[in-house]
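The chain contents come next:
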Amino acid sequence: LVVADNVHKSFGRLEVLKGIDLQVRRGEVMCIIGPSGSGKSTFLRCVNHLEKLSAGRLWVNGELMGYRQKRGRLYELRDNEIAAQRSDIGMVFQRFNLFPHLSVVGNIIEAPVQVKKVPRAEATAKALELLERVGLPDKADAYPDQLSGGQQQRVAIARALAMEPALMLFDEPTSALDPELVGEVLDVMRDLARGGMTMVVVTHEMGFAREVGDSLVFMDDGLVVESGVPSEVLSSPRHERTRAFLSKVL
Ligand code: ATP
Ligand code: MG
């Protein structure tokens, strides 16, 4: 579902991604780990084209992100066209960034109503279903500041799902949460994975990676150092840099 082919990204002179090659199959849950500054967030942002690649190519669901192919030639898409491509991809960030002035339901129906032109009543019915799924059926009319961090993050997941994405990206979704709230968010992500969603998850939760992940990628200094079955990478890393990193976090 995702193919990254030699993805490079620089900010000015700083080369952050130095040639990432990755493939995520439909239904796969890929977890990405690595030290701070290794380029994990930048890579996720490249996947949904919040960042334009410096070189390389990225396909999501058969679409070459940022481009349209026409008569064998490539044309760069305009911002609004990229937004349409991106509507296939849900993203959940470390900080919940819900719209503070909208209720929970308001947050969830915003994109379907504005972008996909789904009728309000239909979008609201769907939102209530999604709230059920993330364990918050009674919070429809609450405002974000009335919710705990874990509840806000579950609303953020429901909001992303409302667009019926083919792919969900998570950037350290639990690392801003108090420890006792981490589990409820991971539970929702686990259910989503069991339901067959294709997911790329940047995380420090090694237990989640081991249990839910189909694959685990270790990134360092803008490159994929090693990848494989999570239990194998975690218990017998092949590279010294992976070993050094794991000895610090496990
Ligand atoms: P962390 O674990 O701390 O979240 P990360 O692996 O997600 O780290 P990135 O956020 O991708 O790392 O950042 C990689 C490098 O790119 C860092 O050196 C960062 O300062 C730099 N960087 C990221 N975004 C920008 C930007 N918009 N402009 C300039 N430099 C940037
Ligand atoms: Mg990051």
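Residues numbered from 1 in each chain as written. Chains lettered and ligands numbered in written order. Predicted model: local features only at pLDDT ≥ 70, side-chain atom pairs only at ≥ 80, totals over all residues. Heavy atoms only, no water.

### Topic: the side chain of Lys9
What counts is decided by this rule: Numbering of helices and strands starts at the N terminus; helices are DSSP runs of H or I of at least 4 residues and strands are runs of E of at least 2. Between buried and exposed lies partly exposed: a residue is buried under 20% and exposed over 50% of the maximum accessible area for its type, with that area taken using a 1.4 Å probe on protein chains only. Polar contacts, as used here, are pairs of N or O atoms within 3.5 Å; protein pairs need one atom able to donate a hydrogen and one able to accept it. Residues neighboring in sequence count only if both atoms are side-chain atoms.
The topology assignment puts Lys9 in strand β1 (residues 2-11). On the basis of relative accessibility, which here comes to 9%, the residue Lys9 falls in the buried class. Among the polar contacts listed, one links the side chain of Lys9 to the backbone oxygen of Lys52, at a separation of 2.7 Å.

### Observations regarding the packing of helix α3 (residues 104-114) against helix α4 (residues 120-133)
Packed helix pairs are specified by the crossing angle of their axes together with the interaxial distance, meaning the distance between the axes. So the rule is basically this: Note on geometry: axes are C-alpha line fits, over the in-contact stretch for helices, and angles between N-to-C directions span 0 to 180 degrees. Should an angle fall under 35 degrees it is called roughly parallel, over 145 degrees roughly antiparallel, and 65 to 115 degrees roughly perpendicular, with every other angle called oblique. Put simply, a crossing is left-handed when the front helix is turned counterclockwise from the back one by less than a right angle, and right-handed when it is turned clockwise. Only heavy atoms enter the contact rule, under which two residues are in contact if any of them lie within 4.5 Å. Only Asp, Glu, Lys and Arg are considered charged in this grouping, and only Ala, Val, Leu, Ile, Met, Phe, Trp, Tyr, Cys and Pro are considered nonpolar; every other residue, Gly among them, is considered polar.
The contact between α3 and α4 brings their axes to 9 Å, and the two run at 125°. Compared by their axis directions, α3 and α4 come out oblique. In this structure, the crossing between α3 and α4 has a hand that is right-handed. Contact residues: α3 offers Val104, Val105, Ile108, Ile109, Pro112 and Val113, while α4 offers Arg120, Ala123, Thr124, Ala127, Leu128, Leu130 and Leu131. In terms of residue class, the contact of α3 with α4 is built from 11 nonpolar, one polar and one charged.

### Points about the pattern of salt bridges
Condition: The rule for a salt bridge is simple: a side-chain nitrogen of Lys or Arg has to be within 4 Å of a carboxyl oxygen of Asp or Glu.
One pass over the structure, following the stated rule, counts 14 salt bridges. Of the charged contacts, one joins Glu51 and Lys9 as a salt bridge, the two residues approaching to 3.9 Å between their closest N and O atoms. Note that Glu51 is positioned in the loop between α1 (40-47) and β4 (55-60) and Lys9 in strand β1, a separation of 42 residues in sequence. The pair Glu51 / Lys9 is uniform in exposure class, with both members buried. Connected through salt bridges with shared partners, the residues Lys9, Arg45 and Glu51 form a single ionic network.

### Brief notes about the packing of α3 against helix α5 (residues 149-161)
Running from N to C, α3 and α5 cross one another at 30°; their axes reach a closest spacing of 8 Å. Our classification of the angle between α3 and α5 gives roughly parallel. Crossing angle aside, the handedness with which α3 passes α5 is right-handed. In contact with Val104, Asn107 and Ile108 of α3, α5 contributes Val155, Ala158 and Arg159. Class assignment of the residues belonging to the contact of α3 with α5 gives a composition of four nonpolar, one polar and one charged.

### Overview of the sheet that holds β4
What counts is decided by this rule: Only strands joined by at least two bridges in the DSSP assignment are considered to pair.
With antiparallel pairing, four strands are arranged side by side in an open sheet as β2-β1-β4-β5. The sheet is open, and its two edges are formed by β2 (14-24) and β5 (63-64), each paired on a single side. Sitting on the sheet, α1 is in contact with β1, β2 and β4, with an inclination near 60° to β2.

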